[in-house]
Amino acid sequence: MSRVADVIAARKGEGSGALVGYLPVGFPDLATSIEAAIALAENGVDVLELGLPYSDPVMDGVVIQQATQQALANGFRLRDGFEAVAAITARVSTPVLLMTYWNPVLQFGVDRFADELVAAGGAGLITPDLIPDEAAEWLATSERTGLDRVFLAAPSSTKARLEQAVERSRGFVYAVSTMGITGARSDVDNAARGLVSRLREAGATSACVGLGISTPEQVHEVLGYADGAIVGSLLVKALADGGVDAVAAAASYLATGK
Amino acid sequence: MAEGTKSLRDELGPYFGEYGGRYVPESLIAALDELDAAYQAAKTDPVFQAELAELHRTYTGRPSIITEVPRFGEHAGGARIILKREDLNHTGSHKINNVLGQALVARRLGKTRLIAETGAGQHGVATATAAALFGMECVVYMGEVDTVRQALNVARMRLLGATVIPVTTGSRTLKDAINDALRDWVASVDTTHYVLGTVAGPHPFPVMVRDFHKIIGEEARAQVLELTGALPDAVTACVGGGSNAMGIFHAFLDDSSVALYGYEAAGEGHLTEHHAATITRGRPGVLHGARSYLLQDEDGQTIESHSISAGLDYPGVGPEHAWLADIGRATYLPITDDEAMQALRLLSRTEGIIPAIESAHALAGTIKLGRELGPESTILVNLSGRGDKDMETAGKYFDILDADALAEEDRGPIDGAER
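Residues numbered from 1 in each chain as written. Chains lettered and ligands numbered in written order. Predicted model: local features only at pLDDT ≥ 70, side-chain atom pairs only at ≥ 80, totals over all residues. Heavy atoms only, no water.

Peer 1: Give me the lowdown on the overall build of chain B, citing residues and values where you can.
Peer 2: Across its full length, chain B holds 17 helices and 14 strands. Against the compact-globule benchmark of 22 Å for 419 residues, chain B has a radius of gyration of 20 Å, which places it among compact chains. Over its C-alpha atoms, taken along the principal directions, chain B stretches across nearly 60 × 60 × 50 Å. Residue pairs in contact within chain B that sit at least 24 positions apart in sequence constitute 73% of those at least 6 positions apart. Carbon and sulfur atoms make up 52% of the accessible area of chain B, which amounts to about 14,800 Å² in all. For chain B, the centre of its 37 positive side-chain charges and the centre of its 58 negative side-chain charges are spaced 3 Å apart. (Helix = DSSP H or I, 4+ residues; strand = E, 2+ residues; numbered from the N terminus. Rg over C-alpha atoms; globule rule 2.2 N^0.38 Å. Contact = heavy atoms within 4.5 Å. Areas by Shrake-Rupley, 256 points an atom, 1.4 Å probe, with all protein chains shown as cover. Lys, Arg positive; Asp, Glu negative; His and termini not counted. Charge placed at Lys NZ, Arg CZ, Asp CG, Glu CD.)

What follows is the structure, given as structure tokens:
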């Protein structure tokens, strides 16, 4: 039903959990962003989350903002996103989700966007500013195309809203570890553990924790209670500072602790 | 209004036709629900309403007066022009109406910290003022570009005890200040209320902000009726996000004989690439938590807006305006920087009232409208703010500053040709 869910379940079956790695498309340029994503897949990342640069990324901290702003300044177009997905999926079997704010999808056309993503071999969408309440069109389109749809759950979400997020998500539910935006934190909030536990009560079988995770210890700790750990800003920073080799090393270090 | 027709004044959100809604991260939903519940309770609570009314009477200076401006009207086809004087409110604009209302709601919610975005600085100043009045902490996000062109308002906010954070991302103007305020709020909702300054954003902001400003139209409607014995033929206002326009339009929505005109900032011209004419030139999309018209490229990336007026320099517009435009109840037209500046000078010289550059867009539109409607017509204009904050911009625009002499003493004195 969902390749992403299958991959996560398989890692879970091995007594661990999935490492989900985020990088934006087009940073520092399109070709390098593709190579960097492939390097993630080849160094222990189980699910790729590719961010589409957007002019008003309210959920992102300064590291990802700077990277996506540079990609936009370099002339990023939505088409580059599909091109990146196609190039990556041609070379690695790791499932690829796009992380995108909603307006680009809306302007491209929800159906057309989904069809292009399927054609490129993409697995689905993570939509940080689209709540299930506003997602009628996307729910219908994702049913038609079989694409995964990852909605967010927050520590502040009510029981009813967690149930809705679980019911509407496919692939996994994105458990926001803390009340905040993307960016490394020294402590992944205790709220994450409680949130995953509440998501389990709401019926979640696939819940990945994101925001603030940047060390192998944090990954290990999160995988002790969740099905996956999502890392973004650390990888973006590695790419910015040391290129593809540094991203490969960072992914490997997160996955193995070495 | 025809019998059985639904009142246009009853829109409660979250949707206005196909506009509005809540396009925000899940982390904010609980706070928006909490705010909505507190606001709904306050709306029908006589204690809350009395408290707000008393603040408006003893602090804001409400009701604001209306002023008839016949010498200005001579330049507007001889139409009878009446200004609603929101410029006379404490802090210098209509913004205080909304801020006091929201600060009272925030206090009810036990929040101790107010955050706000600001463009021209008027909303930031109003929020800093309310925070000082209520003993709350205050942080104002302001685009770096705007902190330069509105430096005096930055000083005002700091004097009032607020922290002003210059925003250096994106276009470094109002839209980016909203992004940073939202990022702050996502991380601080337990203690913090986000005092959104216009009728945009996720539900309940568009309805709540409108409701706190609708007193403008309610007062003005009664005042014009008392003065002239009739309703005006048209009501005009400038539109950036659209708060002062919604405030004065709302009371007239069901008066089908009253035409409503919103004037958008056309910058260097709405057919150039440098404007902020969102309804005139934009198309529907999602920005800052709501679906509405916005300036965007083919990929849905927000296009940077341009206007001489920092308060109108915004690529979005409130969802209720988008809806009123679509159903034809209100008409939205572009006004260029130059048209606005000429109207600013005209009102100053004919009536001794210096308007904010934002409000001058409404005046420029009114001049055109008066010439269309003729001397028998009456037009009510929302004079949303005063021009004190704009003196540097106006001084440069009309070349009436001696600033160069101040900056470089070795230069000879500059003859103020416009003096």
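After that view of the structure, there is still more to cover.
Peer 1: Go over the interface of chain A and chain B, please, and point to the residues and values.
Peer 2: Listed as interface residues are 34 residues of chain A and, on the opposing side, 34 residues of chain B. Of the roughly 2,800 Å² buried between chain A and chain B, counting both surfaces, carbon and sulfur atoms make up 47%. On the chain A side of the contact with chain B, Val58, Gln107 and Glu134 of chain A bury the most area, a combined 21% of that side's loss. Viewed at the interface, chain B and chain A are joined by four salt bridges. A salt bridge links Glu298 of chain B to Arg77 of chain A, with the shortest nitrogen-to-oxygen separation between them at 3.2 Å. Top element by residues in the side of chain A that touches chain B is helix H5 (residues 102-108) of chain A. It accounts for five residues. A breakdown of the residues in the side of chain A that touches chain B according to their chemical character gives 20 nonpolar, eight polar and six charged. (Buried area = accessible area lost by both parts, 1.4 Å probe. Salt bridge = Lys/Arg side-chain N within 4 Å of Asp/Glu carboxyl O. Nonpolar A, V, L, I, M, F, W, Y, C, P; charged D, E, K, R; others polar.)

Peer 1: Which residues make up the sheet that holds strand S12 (residues 289-294) of chain B, and what values do they have?
Peer 2: Residues and elements named next belong to chain B. Strand order across the open sheet formed by four strands is S1-S2-S12-S11, with antiparallel pairing between neighbours. Only two strands of the sheet have a single partner each, and these edge strands are strand S1 (15-16) and strand S11 (283-287). Bridge count between S11 and S12: five bridges; the pairing is antiparallel. Of the residues in S12, the one forming a bridge with Pro284 is Tyr293. (Pairing = 2+ DSSP bridges.)

Peer 1: Could you give an account of the nonpolar core, naming the residues involved and the relevant values?
Peer 2: Counting 188 residues, the largest nonpolar core has Trp138, Phe172 and Leu199 of chain A as the members making the most contacts within it. Among the elements that line this core, the one with the most residues is helix H11 (residues 233-256) of chain A, at eight residues. Counting residues in hydrophobic clusters, the runner-up holds 34 residues, among them Ala343, Leu363, Ala364 and Leu383 of chain B. (Core = buried A, V, L, I, M, F, W, Y, C linked by side-chain atoms within 4.5 Å. Buried < 20%, exposed > 50% of the residue type's maximum accessible area, 1.4 Å probe, protein only.)

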